[in-house]
Amino acid sequence: MTDAADPRPLLFFDSGVGGLSVLAAARALMPMAPLVYAADSAGFPYGTRSEAEIAARVPALLGRLAERYRPRLIVIACNTASTIALPVVRAALDLPVVGTVPAIKPAALLSRTRAIGVLGTEATVRQPYVDRLAAEFASDCLVLRHGSADLVAAAEARLRGEAVAPERFAAALAGLLDQPGGERIDVVVNACTHFPLVEAELAAAAPRPIRFVDGSAGIARRIAHLTAGQGWPAAAGEGTAVFTRLGADEQALAPALARHGLTRIEAL
């Protein structure tokens, strides 16, 4: 199906709602694209889970989601899931799968001090994939890493409309900046898709001007490239958010989801 009425959605997947930062970039570039956003709320957060758990859980869930929603493309809008499970998912599914990786290359291009920080989850920052990115694109830089589960929780709370103490953002940054050499950092990679959602709060908590970068714009361009020539519906339809556990916390996200065009909420 490639006609203008092609109803197949783009499907975005994350453990929580961090992937909305990627969905927003794609929606800005492709406003007519039908959207499904899937959050593994029953498995949240991925950053504190083992590699074995994630490698088993993510392909199984994406198989179920692909069967239900018949997407034209899947975006794993989660650095942790991508760095661990992306090859297995691509091997298992007969459709394009776009992953999310830490934006170390653009950070290195921007850094004047040749010191960059990688702020992600515990699971992401310890992955050999991050070692390879740093070696390939930032070999002349000091690359410091810090994993913060609390910052993921703070971003989720912020999207639910809850007040979040500024000290939580300052503490996450301190995990990077207080390391030896951290005083040189001038660019921080938001290596968890949750973190661009609270970039303003992070910038306000920083002790000096720091640039924050993430890969959302590049992912949106990749989606546009992979779907070039495919038709979209003539009008943007009702987007769907689906959760593996649909409780009070997930229902509280309804206003934030609606701002991203996701006005229908379902359980998987």
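Here, the structure is the one placed above.
Residues numbered from 1 in each chain as written. Predicted model: local features only at pLDDT ≥ 70, side-chain atom pairs only at ≥ 80, totals over all residues. Heavy atoms only, no water.

Chemist: For this particular structure, what's the right way to read the overall build of the protein chain?
Modeler: Across its full length, the protein chain holds twelve helices and ten strands. Taken over the C-alpha trace, the protein chain has a radius of gyration of 18 Å; the compact-globule value for 268 residues is 18 Å, and the two agree within 12%. Projected onto the principal axes, the alpha-carbon positions of the protein chain cover approximately 55 × 40 × 35 Å. Across the 268 residues of the protein chain, 52% fall into the buried class. In the protein chain, the proportion of contacts linking residues at least 24 apart, taken out of those at least 6 apart, comes to 76%. Carbon together with sulfur atoms contributes 55% to the accessible area of the protein chain, which is approximately 11200 Å² in total. Treating the 26 positive side-chain charges of the protein chain as one cloud and the 26 negative ones as another, the clouds have centres 4 Å apart. (Helix = DSSP H or I, 4+ residues; strand = E, 2+ residues; numbered from the N terminus. Rg over C-alpha atoms; globule rule 2.2 N^0.38 Å. Buried < 20%, exposed > 50% of the residue type's maximum accessible area, 1.4 Å probe, protein only. Contact = heavy atoms within 4.5 Å. Areas by Shrake-Rupley, 256 points an atom, 1.4 Å probe, with all protein chains shown as cover. Lys, Arg positive; Asp, Glu negative; His and termini not counted. Charge placed at Lys NZ, Arg CZ, Asp CG, Glu CD.)

Chemist: Whenever I open this one, unusual backbone geometry confuses me. Can you help?
Modeler: The general pattern is negative phi for most residues beyond glycine and trans for most peptide bonds. A cis amide bond links Phe44 with the next residue in sequence, Pro45, at an omega value of -5°. In this fold, Pro45 is placed in the loop between β2 (35-39) and α2 (51-69). With phi around 45°, Arg70 is a residue other than glycine that occupies positive phi space. Looking at the secondary structure, you find Arg70 in the loop between α2 and β3 (73-76). Take Arg70: its relative accessible area is 57%, and that puts it in the exposed class. Unlike most non-glycine residues, Arg114 shows phi in positive territory, near 60°.

Chemist: Whenever I open this one, the nonpolar core confuses me. Can you help?
Modeler: For soluble globular proteins, nonpolar side chains are generally found buried alongside one another. Counting 28 residues, the largest nonpolar core has Leu10, Phe12, Tyr37, Val75, Ile223 and Leu262 as its most contacted members. Put simply, the parts of the chain that give this core at least two residues each are β1 (10-14), α1 (20-29), β2, β3, α10 (216-226), β9 (239-243) and α12 (254-259). Considering each element in turn, this core owes the most residues, five residues, to α1. Residues in contact with Leu262, not counting those within four places in the same chain, are Leu20, Leu23, Leu35, Tyr37, Gly239, Thr240, Ala241 and Leu257. (Core = buried A, V, L, I, M, F, W, Y, C linked by side-chain atoms within 4.5 Å.)

Chemist: Looking at this structure, how should I read the side chain of Glu156?
Modeler: Turning to its location among the elements, Glu156 is positioned in helix α7 (residues 149-159). No salt bridge is formed by the buried Glu156; the nearest opposite charge belongs to Arg160, separated by 4.2 Å. Reaching out from Glu156, the side chain makes a polar contact with the backbone nitrogen of Val17 at a distance of 2.7 Å. Sequence-distant contacts of Glu156, that is, excluding residues within four places in its chain, are made with Gly16, Val17, Gly18, Phe44, His194 and Leu253. (Salt bridge = Lys/Arg side-chain N within 4 Å of Asp/Glu carboxyl O. Polar contact = N/O pair within 3.5 Å; in protein donor to acceptor, adjacent residues only side chain to side chain.)

Chemist: Just to check I follow, could you spell out the pairing of β1 for this structure?
Modeler: When a strand is regular, its side chains alternate between the sheet's two faces. Burial within β1 is extensive, with five of its five residues counted as buried. Neither face of β1 is exposed, since Leu10, Phe12 and Asp14 on one face and Leu11 and Phe13 on the opposite face are all buried. Inspection of the sheet shows β1 paired to β2 by five bridges, in the parallel sense. The residue bridging Phe13 from the neighbouring strand is Ala38, located in β2. Handedness of the crossover joining β1 and β2 through α1: right-handed. Sheet topology places β1 next to β3; four bridges connect them, and they run parallel. Within the sheet, the bridge partner assigned to Leu11 lies in β3 and is Ile74. (Pairing = 2+ DSSP bridges. Right-handed = clockwise from strand over helix to strand, strands pointing away.)

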